[in-house]
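Tertiary structure, described
The chain contents come next:
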Amino acid sequence: MINATVDDLLEKTVIERALKNVKNNNSFCGFDGVYAKDVMSLWQKEGYKIEEKVRNASYFPCIADAFEIKKKNGKKRNITVPAVTDRVIIRALHLVLQPQYDKVFSNRSFAFRPGRSTLDAIKYLKNKMNSGYDCVIKTDIKSCYDTINHDVLISILKRDIPDSRICILLERLIRAKYCKYNRVIRMTLGIMQGSTLSPLLANIYLNEFDQKMEKQGFQFIRYADDIIFLGRNNKEVSRAFVAAKKILKNELHLMFNGDKTVKSLRRGIDFLGYHIGRRSRYGYYKLFVGEDAKDNLMKYALIARKAVCDTPENHLKWIGSFNRGWLNYFKYADKRELKKLSRLIDEKQRKFFIFRWAKQSDFTLLRLTQLMHITGGFVTMKNWLGELFGRLSLQRKGE
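The present account deals with the structure reproduced in this document.

Calculation criteria
Residues numbered from 1 in each chain as written. Predicted model: local features only at pLDDT ≥ 70, side-chain atom pairs only at ≥ 80, totals over all residues. Heavy atoms only, no water. Helix = DSSP H or I, 4+ residues; strand = E, 2+ residues; numbered from the N terminus. Buried < 20%, exposed > 50% of the residue type's maximum accessible area, 1.4 Å probe, protein only. Contact = heavy atoms within 4.5 Å. Salt bridge = Lys/Arg side-chain N within 4 Å of Asp/Glu carboxyl O. Core = buried A, V, L, I, M, F, W, Y, C linked by side-chain atoms within 4.5 Å. 1 Å grid on protein atoms, 1.4 Å probe; cavity = no way out; pocket = protein on both sides within 12 Å on 5 of 7 lines; lining within 4 Å. Points joined across faces, edges and corners; volume = space filled by probe spheres on them. Nonpolar A, V, L, I, M, F, W, Y, C, P; charged D, E, K, R; others polar. Pairing = 2+ DSSP bridges. Axes fitted to C-alpha atoms, helices over the stretch in contact; angles between N-to-C directions. Expected span 1.5 Å × (residues − 1). Arc of directions from axis to C-beta.

Now for the overall build of the chain. Helices and strands together make up the secondary structure of the chain, namely 16 helices and 11 strands. Burial analysis of the chain (399 residues in total) assigns 48% to the buried set. Counting only contacts in the chain whose residues sit at least 6 apart along the sequence, the fraction spanning at least 24 positions is 71%.

Right, let's get into the pattern of salt bridges. Throughout the structure, instances matching the rule amount to 19 salt bridges. Lys76 is paired through a salt bridge with Glu68; the nearest N and O atoms lie 3.7 Å apart. A salt bridge links Glu214 to Arg108, with the nearest nitrogen and oxygen atoms 3.7 Å apart. One end of the pair, Glu214, is in helix H9 (residues 197-215); the other, Arg108, is in the loop between helix H4 (84-102) and helix H5 (118-130), and 106 residues separate them in sequence. Arg108 sits in the buried class, given a relative accessible area of 16%. Within this structure, Asp7, Glu52 and Arg55 form a network of salt bridges that share partners.

Membership of the largest hydrophobic core comes to 69 residues, with the highest contact counts inside it found for Leu93 and Phe229. Considering each element in turn, this core owes the most residues, 10 residues, to H4. Within the second largest apolar cluster, 40 residues are counted, among which are Trp318, Leu341, Ile345 and Phe353.

Further remarks concern the layout of surface pockets. As a volume, the largest pocket reaches approximately 1700 Å³. Around the largest pocket, the lining is made up of 44 residues, and of these Lys72, Asp140, Asp225, Asp226 and Lys260 lie nearest the centre. Every element with two or more residues in the lining of the largest pocket is listed here: strand S1 (64-70), strand S2 (76-81), strand S3 (135-140), helix H6 (144-147), strand S9 (269-271), helix H11 (291-300) and helix H12 (312-329). Tallied by class, residues from the lining of the largest pocket come to 18 nonpolar, nine polar and 17 charged.

Here we have four strands laid out as an open sheet, ordered S6-S7-S3-S8, and antiparallel in their pairing. This sheet does not close on itself; its edge strands, each paired only once, are strand S6 (219-223) and strand S8 (262-265). Ignoring which end each strand starts from, the neighbouring axes of this sheet average 15 degrees apart. The sheet contact formed by S6 and strand S7 (residues 226-231) spans five bridges and is antiparallel. Each residue of the ladder has a partner; that of Ile221, found in S7, is Ile228. H5 contacts S6 and S7 of the sheet and is inclined by roughly 165 degrees relative to S6.

Turning our eyes to something else, we now look at H5. For H5, with 13 residues, the first-to-last C-alpha span of 18 Å sits near the 18 Å given by 1.5 Å per residue. Every buried residue of H5 is accounted for by Thr118, Leu119, Ala121, Ile122, Leu125, Lys128 and Met129. Considering only its buried residues, H5 is in contact with S6, S7, S9, strand S10 (274-277), strand S11 (286-289) and H12. Residue Gly132 follows H5 closely and has a positive phi angle near 115 degrees.

Those residues of helix H8 (residues 164-174) that sit buried are Ile166, Cys167, Leu169, Leu170, Leu173 and Ile174. The arc enclosing the buried residues of H8, seen along the axis, measures out at 160 degrees, which places them on a common side. Buried-residue contacts for H8 involve helix H1 (6-9), helix H3 (39-55), H4, helix H7 (150-160) and H9.

This part takes up the pairing of S3. The element S3 is extensively covered by neighbouring structure, given that five of its six residues are classed as buried. Sheet topology places S3 next to S8; four bridges connect them, and they run antiparallel. Residue pairing for S8: Val136 is matched across the bridge by Ser264.

What follows is the structure, encoded as structure tokens:
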């Protein structure tokens with residue numbers, strides 16, 4: 001039972017946090033033409049009326065604006081931009097519902113939850129594989145956000161939340177309209193992507209799947225719509241996969257993506273950029289940087305936006321922040337591989353830096369070399385690697 005009421009939603013501190021978040025986000029204006037920077041003045045004028053409408057269950061969301069972005073596979077994804085007032089209500093709903101729903105979510109779900117991250121999911125998976133569950137099937141739910149059934153989702157919300165006014169508000173947001181290519185379309189299937197509420201609603205919907213799989217005693221891990229099933233042998237993991245297909249199809253009206261389903265029997269698996277495999281000499285699975293992640297790192301290491309990298313000094317700072325970012329993410333990968341990869345990226349960045357700035361007459365090759373030497377802490381990864389491995393060793397000793 002989720003003890004969330006309209007009074008909790010409209011509490012002064014909640015609305016203030018929601019307003020601040022919307023203003024700081026500084027995103028596009030919605031269909032109403034109001035920008036996020038103007039939300040404070042708008043709420044001072046209209047806030048009381050909006051809150052009264054929410055309290056009386058007479059609030060209807062505005063038409064959302066929508067545009068498309070291309071995915072890696074070439075397909076397109078709809079992104080919606082709600083009106084500013086709707087964003088405040090959506091954010092307030094998220095602030096009230098997220099902490100309470102997080103208590104009932106499964107421990108095997110890691111995406112879009114405070115205090116949990118991709119690294120937690122990867123460590124959980126590695127520990128499970130090292131404990132004998134090294135026969136795995138990796139898959140994802142086909143068009144998950146676009147095929148969530150409204151009736152099923154709303155029935156789950158009505159079961160969990162006793163305050164009918166919150167349920168009515170959520171139902172109107174789920175079934176809202178959006179405008180794309182000058183056409184107004186009502187949502188009849190799926191949930192709008194682009195707001196903070198969408199991942200929470202998806203987790204609420206898929207939590208039904210998590211709970212049913214746990215009751216049947218199957219081992220799995222879920223990160224958003226990516227799922228990995230685990231077993232001690234081929235028969236065990238196949239049973240889990242078949243049971244999951246039935247639950248998704250019969251109760252949630254979803255299905256797995258056959259093109260992205262991979263079975264691996266004691267050969268390791270790629271997950272969230274990492275590769276878990278290649279047993280060590282002691283018989284344990286280890287973490288490595290995945291091949292796709294390596295290709296992406298090599299590609300993005302040389303991308304320097306002109307607006308950010310307008311001077312050699314700023315370019316070096318950008319290189320430093322990029323290196324610290326990816327090294328911090330892959331800090332649990334094999335040390336030897338990490339050092340080798342860091343040297344390759346470091347060398348590519350050095351060559352690109354000199355090639356880019358040596359063309360300009362103000363920067364001679366000598367000056368660039370001196371500059372890189374002075375700010376070596378930003379460019380080279382040796383210092384950062386040493387510090388990182390030192391922190392990790394101290395952390396493991398403390399454990």
